[in-house]
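So the chains spell out like this:
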Amino acid sequence: MLDAEAKLCLACDMSTPVPSLNWLRVFEAAARCESFSRAAGELNMSAAAVSQQVKALEERLGAPLFARHAHAVTLTAVGRAYLPGVQQALLTLQTTTEGLFGAARSQQLYVQSVLLFAHGILSRGFAAFTDAHPDITLSLRSANDPFDAPQGFSDLRIVFGSPQVHGAEGDKLFGERLFPVARPEIAARIEGPQDLLMHRLIDVSTHRAGWPHVFDALGVLPGAARYVFADNTIMAMALAREGAGIALARAPASDKAMSEAGLVACLPGLQVPGREAYHLVYADRAALRPPARAFRDWLLDWCAAMAERPL
C-alpha cells in the first residue's frame, strides 16, 4: 500500500504535462539498475546527466522518485507506483514502432477475431499459415463483443453476424450448424427431441440463434425448458463438461471446444442451420498490405476446407 507521501503525490493536479520521453527512459533505467552510474553506462550517458534528467522529471512531477544514498538509489513509494506504468508505456511504444516502422514492418500482420473462431478455426490453422508464410509475424487479438472490436489497429477483423454493422468490405467465411451436445452418459438418455426438455439447457445469451431457434426448427414446444446462460460457447461447453446440462454445438467453429470438453452429439444426425455467419472484414480490399492479402487468401481456402469437414 502507498504511504501518505505517495497518496499525496498521486493526487497531484491532473493538468500536469506529460514528461519528456527521454526523462522517462532515464528514470526506468535508473529504477531498474538502482544506480545512476549503472544506468548511465546502459544509456551511454554520464552519471551526472542521468542525475540531472531524473531531477528534472521529479521537478516536473512535483514528487521525489528516488531516495539518494552514498553508492545507490532506491525508489520512493511514489516511484515504485510510477515505474510499472512507465515500463508498460515504453514497451508498448517500442513494440508498435518496430512493428509499423521497423525493417520488418511490411510483414507484421494484425488480426482481430471473435473468440470462438480464434479458438476453433484460427488456432487449428496457425501452423499451416506460418509454414506457408514464415516471413509474416501474426498478432492475433480476440474480441467477443463486436462493439469492442474497433479498439486498437487491425489489418483484418473476423466478426460474427451482419458485416454491414462494421461499415467495411468483407468476405463471408461460413455459417454454423447447431446441434445438442452433452456428456456421453447424458447423451445416451436422449432418444428424441422432446427428451432434451428433461435436462437444463445451456444457451449463449449473445447469439440470435439458440435453443428457441432449434426447438422451432424441430417443432418442439419448449414451455417446460430450464435454461442456464453463458456469454460464449466455450464457457457453455465447459459447463456441459461438468454436467450442468446440454449445450449447443456451433459447428464447425465449436468442434475443437466440443472435443476438448469430451462432449458428444445427443441426437446424431440432427442439425439445424444457424441464422448468422462469420465474415472477414476490412476497410478497403485494394488497400490491404501484402501480409493481409496473403492471410485473406489463405483464410478463404482454410475456411472452405473446414466447412466441408464431416463431424
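Residues numbered from 1 in each chain as written. Predicted model: local features only at pLDDT ≥ 70, side-chain atom pairs only at ≥ 80, totals over all residues. Heavy atoms only, no water.

A. A look at the packing of aromatic side chains. Inspection of every chain in the model, using the stated rule, returns 13 aromatic pairs. With a centroid separation of 5.6 Å and an interplanar angle of 35°, the aromatic rings of phenylalanine 27 and tyrosine 82 are classed as tilted. Taken together, the positions of phenylalanine 27 in helix H2 (residues 21-33) and tyrosine 82 in helix H5 (residues 77-101) put the pair 55 residues apart, joining distant regions of the chain. With relative accessibility at 0%, the residue phenylalanine 27 sits in the buried group. Tyrosine 82 sits in the partly exposed class, given a relative accessible area of 24%. Here the aromatic rings of phenylalanine 160 and tyrosine 278 are separated by 4.7 Å at their centres, their planes lie at 55°, and the arrangement is tilted. Here the residue phenylalanine 160 occupies a position in strand E5 (residues 156-160), and tyrosine 278 occupies one in strand E13 (residues 278-282), the gap between them amounting to 118 residues. The residues phenylalanine 160 and tyrosine 278 share a single accessibility class, namely buried. (Phe/Tyr/Trp six-rings, centres within 6.5 Å; stacked < 30°, edge-to-face > 60°. Helix = DSSP H or I, 4+ residues; strand = E, 2+ residues; numbered from the N terminus. Buried < 20%, exposed > 50% of the residue type's maximum accessible area, 1.4 Å probe, protein only.)

B. Highlighting helix H3 (residues 36-43). Looking only at H3, the buried set comprises Phe36, Ala39, Ala40 and Leu43. Considered in projection along H3, the buried side chains sweep an arc of 105° and stay on one side of the axis. In this structure, H3 carries Arg38 and Gly41 as exposed residues pointing more than 90 degrees from its buried face. On its buried side, H3 packs onto H2, helix H4 (47-61), strand E1 (66-68) and strand E2 (73-75). Note on H3: the residue one or two positions beyond its end, asparagine 44, has a positive phi of about 60°. (Arc of directions from axis to C-beta. Contact = heavy atoms within 4.5 Å.)

C. Region of interest: the sheet that holds strand E6 (residues 169-174). A sheet is described by the order of its strands in space; here five strands give the open sequence E4-E3-E5-E13-E6, paired in mixed fashion. What marks the edges here is a single partner per strand, and that holds for strand E4 (137-142) and E6. The mean angle between the axes of side-by-side strands here comes to 20°, regardless of whether they run parallel or antiparallel. Here helix H6 (residues 115-132) sits on the sheet in contact with strand E3 (108-113), E4, E5, E6 and E13, set at roughly 150° to E3. (Pairing = 2+ DSSP bridges. Axes fitted to C-alpha atoms, helices over the stretch in contact; angles between N-to-C directions.)

D. Main features of the packing of H3 against H4. One can describe the packing of H3 onto H4 by two numbers: an axis separation of 8 Å at closest approach and a directional angle of 105°. If you check the angle between H3 and H4, you find them roughly perpendicular. Across from Phe36, Ser37, Ala39 and Ala40 in H3, the residues of H4 making contact are Ala47, Val50, Ser51 and Val54. Across the contact of H3 with H4, the residue classes break down as six nonpolar, two polar and no charged. (Parallel < 35°, antiparallel > 145°, perpendicular 65-115°, else oblique. Nonpolar A, V, L, I, M, F, W, Y, C, P; charged D, E, K, R; others polar.)

E. Seen up close, the environment of phenylalanine 126. Tracing the backbone shows phenylalanine 126 in helix H6. Residue classification places phenylalanine 126 among the partly exposed positions, given a relative accessible area of 41%.

F. Focus on the pattern of salt bridges. Within the structure shown, the criterion is met by twelve salt bridges. Aspartate 155 serves as the salt-bridge partner of arginine 289, at 2.8 Å between the closest nitrogen and oxygen. Taken together, the residues arginine 289 in the loop between E13 and helix H11 (290-308) and aspartate 155 in the loop between E4 and E5 connect sequence positions 134 residues apart. Using a relative accessible area of 23% as the deciding quantity, one classes arginine 289 as partly exposed. The salt bridge partner of arginine 241 is glutamate 242, with a shortest N-O separation of 2.9 Å. Take arginine 241: its relative accessible area is 38%, and that puts it in the partly exposed class. Taking the relative accessible area as the measure of exposure, glutamate 242 reaches 55% and is therefore exposed. (Salt bridge = Lys/Arg side-chain N within 4 Å of Asp/Glu carboxyl O.)

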